[in-house]
Amino acid sequence: MSKVLLVAIGTTRSRAVTDTADFLLARGVDVDLLTVEAESWQAAGLDPRVRLHTLAAAEDKHPLAVLGRLVRRVSKTAYTKGYAKIYRLLRPYVMWRAARTTVVRKLDWNNVDQLVICDSHAIPIGWHLAKRHRQLTVGFELDRAPYAALQVTADREPALTAAAPAPRPLSSTPAGIDVVDG
Amino acid sequence: MTVDKTLAVTTPWHPTLQRPFAGSFVQATTTAVRDLFARIDLYNTEDWTGPADPVQARMVRKAYAALTTGPSPRIELSAHRADEGYWVTDIPTPVTPRKHYADWALSHESALRPVLSASRFDADVVHGHVGIYGGWLAHRFARPTARVVFTEHASFLGRILGQPRSRAMYAEVMDRADAVLCVSEKLRNELLGAFPGHAGKIQVVPNAVEIEAMPVRPKPVTELRKWIYIGKVAPTKGVPELVEAFALAAKDEPELRLTILGTGPLVEPLTARATELGLADRITFHDSVPPQRVFEFLHAHDLLVHPSKSETFGMTVVEAVGSGMPVLVTRCGGPEETLEGLDGVAGLLIDVSEDPQVIVDGYRRLAEGLGLLDPGRARAELVGRYGAASVARRLAEVYGVGDSTTVMEPA
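Not measured: the values here are computed from a predicted model. (Residues numbered from 1 in each chain as written. Chains lettered and ligands numbered in written order. Predicted model: local features only at pLDDT ≥ 70, side-chain atom pairs only at ≥ 80, totals over all residues.)

S.K.: So what about the sheet that holds strand 3 (residues 51-54) of chain A? Which residues, and what values?
M.R.: All names here are of chain A. Taken in spatial order, the five strands make up an open sheet running 3-2-1-4-5, and their pairing is parallel. Two strands bound the open sheet, and with one partner strand each, they are strand 3 and strand 5 (137-139). Sheet twist, expressed as the average angle between the axes of neighbouring strands with direction ignored, equals 20°. Bridge analysis of strand 4 (residues 112-117) against strand 5 gives three bridges, and the strand direction is parallel. Considered in strand 5, the bridge of Q114 is made with T137. Running at roughly 175° to strand 1 (residues 3-7), helix 1 (residues 14-26) makes contact with strand 1, strand 2 (30-35) and strand 4 of the sheet. Where helix 6 (residues 123-132) meets the sheet, it contacts strand 1, strand 4 and strand 5, and its direction lies at approximately 155° from that of strand 4. (Pairing = 2+ DSSP bridges. Helix = DSSP H or I, 4+ residues; strand = E, 2+ residues; numbered from the N terminus. Axes fitted to C-alpha atoms, helices over the stretch in contact; angles between N-to-C directions. Contact = placed C-beta atoms within 7 Å.)

S.K.: Let's hear about the nonpolar core: which residues, and what values?
M.R.: Residue and element names in this part refer to chain B. Core analysis: the biggest nonpolar cluster contains 122 residues, and F246 and L304 have the highest contact counts within it. Among the elements that line this core, the one with the most residues is helix 8 (residues 239-252), at eight residues. In this structure, this core is formed jointly by two domains, domain 1 (6-210 + 387-405) and domain 2 (212-385), each of which donates at least three residues. Leaving out residues up to four positions away in the same chain, L304 has contacts with I228, I230, L298, T316, V317, A320, M325 and V327. (Core = buried A, V, L, I, M, F, W, Y, C linked by C-beta atoms within 7 Å. Buried ≥ 20, exposed ≤ 12 C-beta atoms within 10 Å, placed from the backbone. Domains from an automatic or database assignment.)

S.K.: Could you give me a rundown of the environment of B:V149, with the residues and numbers involved?
M.R.: All names here are of chain B. Turning to its location among the elements, V149 is positioned in strand 6 (residues 147-152). For the pair V149 and G264, spaced 115 residues apart in sequence, the C-alpha separation works out to 34 Å. Once residues lying within four places of it in the same chain are set aside, the contact partners of V149 are V125, H127, A177, D178, A179, L181, V398 and Y399.

S.K.: Describe the environment of B:I350, naming the residues involved and giving the relevant values.
M.R.: Residues and elements named next belong to chain B. Within the secondary structure layout, I350 lies in strand 14 (residues 347-350). According to the C-beta neighbour criterion, I350 is buried, with 23 such atoms within 10 Å. Distance from I350 to H306, taken between C-alpha atoms, is 9.9 Å for residues 44 residues apart in sequence. Each residue touching I350, except ones within four places of it in the same chain, is listed here: L328, T330, V358, I359 and G362.

S.K.: I'd like to hear about the packing of helix 8 of chain B against helix 9 (residues 267-276) of chain B, residue by residue, with values.
M.R.: All names here are of chain B. Where helix 8 meets helix 9, the axes come as close as 11 Å, and the angle between the chain directions of the two elements is 15°. It follows that helix 8 is roughly parallel to helix 9 by the angle criterion. In the crossing of helix 8 with helix 9, the sense of the turn from one axis to the other is right-handed. Contact residues: V239, P240 and V243 in helix 8; L270, R273 and A274 in helix 9. When grouped by side-chain class, the residues that make up the contact of helix 8 with helix 9 number five nonpolar, no polar and one charged. (Parallel < 35°, antiparallel > 145°, perpendicular 65-115°, else oblique. Left-handed = near helix turned anticlockwise from the far one by under 90°. Nonpolar A, V, L, I, M, F, W, Y, C, P; charged D, E, K, R; others polar.)

S.K.: Describe the confidence of the model for chain B, and please don't skip the residues or the numbers.
M.R.: The predicted model of chain B averages 93 in pLDDT, with 97% of residues at 70 or higher. If you check the scores for this complex, the pTM reads 0.82 and the ipTM reads 0.82. (pLDDT = per-residue confidence, 0-100.)

S.K.: Would you mind going over the sheet that holds strand 8 (residues 202-204) of chain B in detail, with residue names and values included?
M.R.: Residues and elements named next belong to chain B. Pairing is mixed across the open sheet formed by eight strands, whose spatial order is 3-4-2-1-5-6-7-8. Of all the strands in the sheet, just strand 3 (80-81) and strand 8 have a single pairing partner and so form its edges. Two elements, strand 3 and strand 4 (residues 87-95), share two bridges in a ladder whose sense is antiparallel. Looking at strand 4, one finds that R81 is bridged to W87. This element, helix 3 (residues 101-112), spans strand 2 (39-49) and strand 4 of the sheet and lies at about 130° to strand 4.

S.K.: For the domain arrangement of chain B, give the residues involved together with the corresponding values.
M.R.: A common way to report how large an interface is uses the accessible area buried once the components associate. Residues and elements named next belong to chain B. According to the domain assignment, chain B contains domain 1 (6-210 + 387-405) and domain 2 (212-385). Between the C-alpha centres of domain 1 and domain 2 there is a distance of 32 Å. When residues of the side of domain 1 that touches domain 2 are assigned to their parent elements, the largest contribution, three residues, is made by helix 7 (residues 185-194). For the side of domain 1 that touches domain 2, the per-class residue count stands at six nonpolar, five polar and three charged.

S.K.: Lay out the interface of chain B and chain A in plain terms, naming residues and giving numbers.
M.R.: If you look at the interface, chain B gives 53 residues, while chain A gives 37 residues. Residue contributions to the side of chain B that touches chain A peak at eight residues, all from helix 2 (residues 54-68) of chain B. Residue classes in the side of chain B that touches chain A are distributed as 28 nonpolar, 17 polar and eight charged.

Following this line, the structure appears as structure tokens:
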């Protein structure tokens, strides 16, 4: 069965993620999401049928993270002023290692049609995955064309365009409320 | 009219899946001029905010470049034809959260460069939106012979010009531009103050607003019982003063109701304040709604109160007047221009004040003179100023294309 893998490290672009998932699920396409933590996605309204692959637990098990907890136990100052600064730089590497032990090994990549990189923090992991799986279609948004002809089976059809009616309460600003004034 | 020229539009705001209402004014303005050109390509460089840490940010940039550049890039950012009849290329632009406008502009430049063939806009006219973003990209990528125009909309123009690097970049954009458009007199004055040597090319041309398409309320307003505020629920918008003003007015008029439509940092505190005032059942807070639903709310209320402290345009006010609704608006910048000559016709203008009594007094004067308003005339005036055909005629002159008298009226 075909599926699409979304990669979103945080929820800064949650609306795009949830709408993309809704579009695919409505057409019977499985959706997987690679992210750090699951909890915030529930609040963002992600359909519970989306299969989550979280990196937080795998990150916690990484030797560098274990070392961090030890340092913290010994000295909070050493942790804050020394370890935390270095770990911040190494974290993308740790996250990729965490991804390798989770989604990279566990996913049946033969069934993945597309890889969608959904936020800025996800770009490095998306690039690693794209390098490993050269057959994959990769994008910053879903190529909807392959699914356009599929029959819509669910009633939770997302808004395809800005003009379409929205299916659920929105958190965006209405017309006339501007980041800038128009 | 022979239509043989091409237009490139570059903007940081245009509707996307993540931000379906962003840049609707850019969309409306571009749609208004579509018949003036053989082809219009719009490049939407959308901020994707990433890590603040410089090392992590560099990793993101390198991975982004590896995915999007090279002889056979893994991700090709290509154009799609929008329903509005022009071509759109959405370009995710990794940026850091640090508020350095120069860095942001350079990030947009890096993201756009690989998308353009020969690193140039292949267009006769290039129109950038927001000087430091679209204006900068127009300056960097327009052909030497192309006409470069940019529109300044930014309410944060002062902050842009307050940073030495972004001010220097802005000065380059001003030098290159053939015409500089401001959506309000307030912004024009700000630019004139900063760049007096370019006074000859700075003019006010508002964004197109599809007022003709706005649904007029089925029944005219005969009493001002149901107030509505639409916008960000923030101190700069005067919402706390509105709640206090409503409480004062509501003491004597038990039938008054207020709806606050929008999100923002003051939703929770003001909800608590409404309860404290014993008005929890008379003040309703509602989450934001998409643009097409705004008119449902306007039609279901009697009066739009817009108590903002500062506004460069004030789209909500235009929408309310376009729908035939009276407005009570502060003289906060943009509304004095949008409602010029319409004080007492579309509604009432009041002073910006921290005293809620000013809103109450304005409401009472408006209620007394309600029969003197002329919502039909107010709407017609706004169509003349901001309607698609009117703005397209102005832009045709600015672009130097076509015969500005033959711009088609909308169907």
